[in-house]
Amino acid sequence: MFTKFLTKQLNADAGETAGAPAEVPAAEPVAAATTNEPAATVAPTVEPVVAAAPAVEPAKASPHDDFDWSVDKRNVTYYNAEEKAKYDSVYENTFRQINDGEMIQATIEALTKTDAVVNIGFKSDGLISLNEFRDIPGGIKVGDLVEVMVVEKEDRDGNLHLSRKQARTSRAWERIMEVHKTGEIVTGQVTSKTKGGLIVDVFGMETFLPGSQIDVKPVTDYDQFVGKTMEFKVVKINEAIKNAVVSHKALIESDIEAQRAEIMGKLEKGQVLEGTIKNITDFGAFLDLGGLDGLLYITDISWGRINHPSEVLKLDQKLNVVVLDFDDDKKRISLGLKQLTPHPWDTLHETIKEGEIVKGKVVNIEDYGAFLEIMPGVEGLVHVSEITWANTPINAKEFFKLNDEHEAKVVTLDKDTRKMSLSIKQMTGDPWGDIEVKFPQGSKHNGVVKNITPYGVFVELATGIGGMIHISDLSWLKRFNNPNEYTKVGNNIEVVIMHIDKDSRKLQLGHKQIEEDPWNTLADTFPVGSIHEGTVTRKDDKGAVVQLPYGLEGFAPARHLHKEDGTTITADTHDRFMVIEFDRNDKRIVLSHTRLWEAAKEEEKQILRKEAHADAESTKKAVKNIQNKVEKSTLGDLSALADLKKKFEGGEAAAGEAKAE
């Protein structure tokens, strides 16, 4: 036995050194243990096999080298080459060559509390956690065959690392890729909820089910699907990260598509179908017609006006609708609900006719008037001109409010065109019929300001009767840029009827005419050249408006606002002004501050000129008197004459300077 083992070990060592096993002729026979048969009986033709020994350095001589190991040949059996090859094959087949990542059928050899001992025919067994077998109904037992994956032949501790979970996942991924190509429907179990969807176990691998792919209807509660087993279709895979996306909605849509094709093939205009409201929007409602959706527009829900479909419809409500139109290509169906009942205009009651008083609710307001709903589907228009008898502009959006009820008189009614015009003002008599009696020209009245425009004020004197005060007729003395500076809407104001236009229903009113024209007497108070104190109320580049006594206003041009010290009068300044122009017809007074100090300077110059002229005249008279008295000239007389001459010349020079100034 020892000889056989040694020979086998030498062959193995030689194979490892040379890179491959080799058989060489042996120098001496190989013996094997057998019965007590003597060695001489062994056939001499048997060729023992000895493996080539590896080249090694010669060992040092020892006493054992002289020992003859072949002296005792008892109980030794010799094998020929054929028998040796047979036994070598049996021995080598007990070992198995495996690679990392390889899928192998394994046998459960034993079970512990936490692991299963698995035999894959390797030099050692592997351990797999019992958690990886939880999906097997009834669990596992010794002797069961399972497929595992070789994760590592030897980990860092030298142990064989196997995994059934990874083997199952790998097989599942192969299966998922296959069904993705073929479009096959698979069954999976929803295991948990995650962000944006659900996790589904398909073939033992986790896949993602987006929330939008659960059902054709929006789903808000994902928890209701956890633990359920459902059918899915693999719609997307990512081979790089081995991730798959499944859809349950795709299966429903395929069924719905078949139903749609069947329904579309049978559709006809005017056909009545039963549907269920699945969604309500601002513009209408979507109905499920049994696999095909149809749209019920808000205008086709009711003959009357509604602001939102939810006023008359509810989710999941079942109702009959009529097919108005459909498009095979786009798969669109337009539905109608009101068309199932007669149009209200076709069944209009006989009591509604021209001249009758009706009551309606305001359902729509436009700039030109308001629509009153007399009954659902029957509306009439109240034009702005039919609101009041007054000719004052009326804003319909201020007069009417939605859902308010008003009584009105039917003016025109046309069932063919389904149009009706209404009037509120005609419910009362025309106040303009006797306007000359109630509001004669020249009469004074008290009215209410109803509207203000840049050019005038509209005043209501009585219901349906009003007129306008032009901006120029508000005041005798003041000029306004806008009537808002004088009065406001809602204020009471006194007016005088200045003119009546019965045909156009217009009254020309005046307010300043309540008092006499003060300009007739102002000419004496503010003559040209008169000086008055005033306050600058407004100023611009052209000049300043000056508030004068008695509520009068004057205007001072910019060049007449300069002061004597070179400065200019500013706004809110109180000073003295001279009237340089007074126009009663144009109601205008022109003022000047500059003229005041310019006139004072001119007056001083005039005084100086007069004094110089007086001195010159007196000197001339003195010289003339002296000349008349002197008959003969003497030296002393000549001296006196020289003095008089100098005085005379000095007086003339002063007069000349004054005149020059």
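Provided above is the structure to which this section pertains.
Fair warning: this is a prediction, and the values are worked out from it, not measured in the lab.

Colleague: Explain the sheet that holds strand E17 (residues 369-375) to me, using residue names and the numbers behind them.
Modeller: Note: strands within a sheet are paired through backbone hydrogen bonds, in either parallel or antiparallel orientation. In spatial order, the strands read E16-E17-E18-E20-E19; together these 5 strands close into a barrel with mixed pairing. Taking each pair of neighbouring strands and ignoring which way they run, the sheet shows an average axis angle of 50°. Judged from the 5 bridges that link them, strand E16 (residues 357-366) and strand E19 (residues 405-414) form a sheet pairing that is antiparallel. Pairing of Lys361 across the sheet is with Glu405, part of E19.

Colleague: How would you sum up the packing of aromatic side chains? Please name residues and give values.
Modeller: By the definition in use, this model includes 4 aromatic pairs. When the centroid spacing of 6.2 Å and the interplanar angle of 85° are considered together, the rings of Phe283 and Phe286 count as edge-to-face. The exposure class of Phe286 is partly exposed, given its relative accessible area of 26%. Its end group placed over the ring of Phe371, Arg305 keeps NZ or CZ at 5.7 Å from the ring centre.

Colleague: How would you summarise helix H3 (residues 164-182) if you had to cite specific residues and measurements?
Modeller: Compared with an ideal rise of 1.5 Å per residue, which puts 19 residues at 27 Å, H3 spans 27 Å between its outermost C-alpha atoms and is within 8% of the ideal. Every buried residue of H3 is listed here: Arg164, Ala167, Ser170, Ala172, Trp173, Ile176, Met177 and Val179. Put simply, Ser163 is the residue that caps the front of H3, since its side-chain oxygen is 3.4 Å from the backbone nitrogen of Lys165. Remark: Gly183 follows H3 within two positions and exhibits a positive phi of approximately 80°.

Colleague: Which residues make up the side chain of Ser592, and what values go with them?
Modeller: For Ser592, the position within the fold is in strand E30 (residues 588-592). There is a polar contact of 2.7 Å between the side chain of Ser592 and the side chain of His560. Within the structure, Ser592 has its side chain in polar contact with the backbone nitrogen of Arg595 (distance 3.1 Å). Those residues in contact with Ser592 that sit more than four places away from it in its chain are His560, Phe577, Met578 and Ile580.

Colleague: Before we move on, can you summarise the sheet that holds strand E12 (residues 284-288) with the specific residues and values?
Modeller: Ordered in space as E11-E12-E13-E15-E14, the 5 strands form a closed barrel in which the pairing is mixed. Mean inter-strand twist for the sheet, computed between neighbouring axes without regard to direction, equals 55°. With 5 bridges joining them, strand E11 (residues 272-280) and strand E14 (residues 318-327) adopt antiparallel strand pairing. Looking at E14, one finds that Glu274 is bridged to Asn320.

Colleague: Kindly report on the side chain of His532, identifying the contributing residues and their values.
Modeller: The residue His532 is located in strand E26 (residues 531-539) in this model. Polar contacts involving the side chain of His532 include one to the side chain of Ser530, which spans 2.8 Å. Once residues within four sequence positions are removed from consideration, His532 is found in contact with Thr525, Phe526, Leu548, Asp575, Arg576, Phe577 and Val579.

Colleague: Can you tell me about a negative patch on the surface, naming the residues and giving the values?
Modeller: Residues Glu564, Asp565, Glu603 and Glu604 make up a contiguous surface patch of negative charge. Counting through the fold element by element, Glu603 comes out in helix H8 (residues 594-629). On the basis of relative accessible area, Glu603 is assigned to the exposed category, the value being 53%.

Colleague: An account of the pattern of salt bridges is requested, with residue identities and associated values reported.
Modeller: The full count for this structure, using the stated rule, is 17 salt bridges. Close ionic contact of Asp144 with Lys141 constitutes a salt bridge, the shortest N to O distance being 3.4 Å. Here Asp473 and Lys512 are joined by a salt bridge, their closest N and O atoms 4.0 Å apart. Residue Asp473 is located in the loop between strand E23 (465-470) and strand E24 (492-501), and its partner Lys512 is located in the loop between strand E25 (506-510) and helix H7 (519-525); the two are separated by 39 residues in the primary sequence. The pair formed by Asp473 and Lys512 is uniform in burial state, with each residue classed as buried.

Colleague: Residue-level account of unusual backbone geometry, with values.
Modeller: In this model, Lys242 sits at a positive phi of 50°, which is unusual for a non-glycine residue. Here Lys242 shows up in the loop between strand E9 (229-238) and strand E10 (243-247). You can call Lys242 partly exposed: its relative accessible area is 47%. Phi is positive for Asn403, close to 75°, though the residue is something other than glycine. Relative to the elements of secondary structure, Asn403 occurs in the loop between helix H5 (396-399) and E19.

What counts and how
- Think of each chain on its own: its residues are numbered from 1, step by step along the sequence as written.
- Side-chain atom pairs in this predicted model are given and counted only at pLDDT of 80 or more, local residue features only at pLDDT of at least 70, and totals for whole chains, interfaces and linings cover all residues.
- The basis for every side-chain value is the complete set of heavy atoms in the structure, and neither hydrogens nor water enter the calculation.
- Here, a strand pair is defined by DSSP locating no fewer than two bridges between the strands.
- Segments assigned H or I by DSSP are reported as helices when at least four residues long, segments assigned E as strands when at least two residues long, and all are numbered from the N terminus.
- For helices, the fitted axis covers only the stretch in contact; all axes are lines through C-alpha atoms, and the angles between them, taken along N-to-C directions, range from 0 to 180 degrees.
- Side-chain rings of Phe, Tyr and Trp, where Trp is taken by its six-membered ring, are said to pair if the distance between their centres is within 6.5 Å; with planes under 30 degrees apart they count as stacked, over 60 as edge-to-face, and otherwise as tilted.
- Whether a residue is buried, partly exposed or exposed follows from its accessible area with a 1.4 Å probe, protein chains only, as a fraction of its type maximum: under 20%, in between, or over 50%, in that order.
- By definition here, charges over rings are those cases where NZ of Lys or CZ of Arg is within 6 Å of the ring centre and within 35 degrees of the ring normal.
- Here the expected length of a helix is defined as 1.5 Å per residue gap, with one fewer gap than residues.
- A 3.5 Å cut-off defines polar contacts: any pair of N or O atoms within that distance qualifies, except that in protein one atom must be a possible hydrogen donor and the other a possible acceptor, and neighbouring residues in sequence count only when both atoms are side-chain atoms.
- Contacts were defined at the residue level, with two residues in contact if any of their heavy atoms lie within 4.5 Å.
- Like-charged residues are merged into a patch within 9 Å and nonpolar side chains (Val, Leu, Ile, Met, Phe, Trp, Tyr) within 5 Å, provided each residue has over 30% relative accessible area and no salt bridge.
- Residue burial considers only the protein chains on display, and all accessible areas are found by Shrake-Rupley using a 1.4 Å probe.
- Basic side-chain nitrogens of Lys or Arg form a salt bridge, by our definition, when they fall within 4 Å of a carboxyl oxygen of Asp or Glu.
- Note that His is not counted, nor are the chain ends; the positive residues are Lys and Arg, and the negative ones are Asp and Glu.
- Charge placement uses NZ in Lys and CZ in Arg. For Asp and Glu, CG and CD serve respectively.

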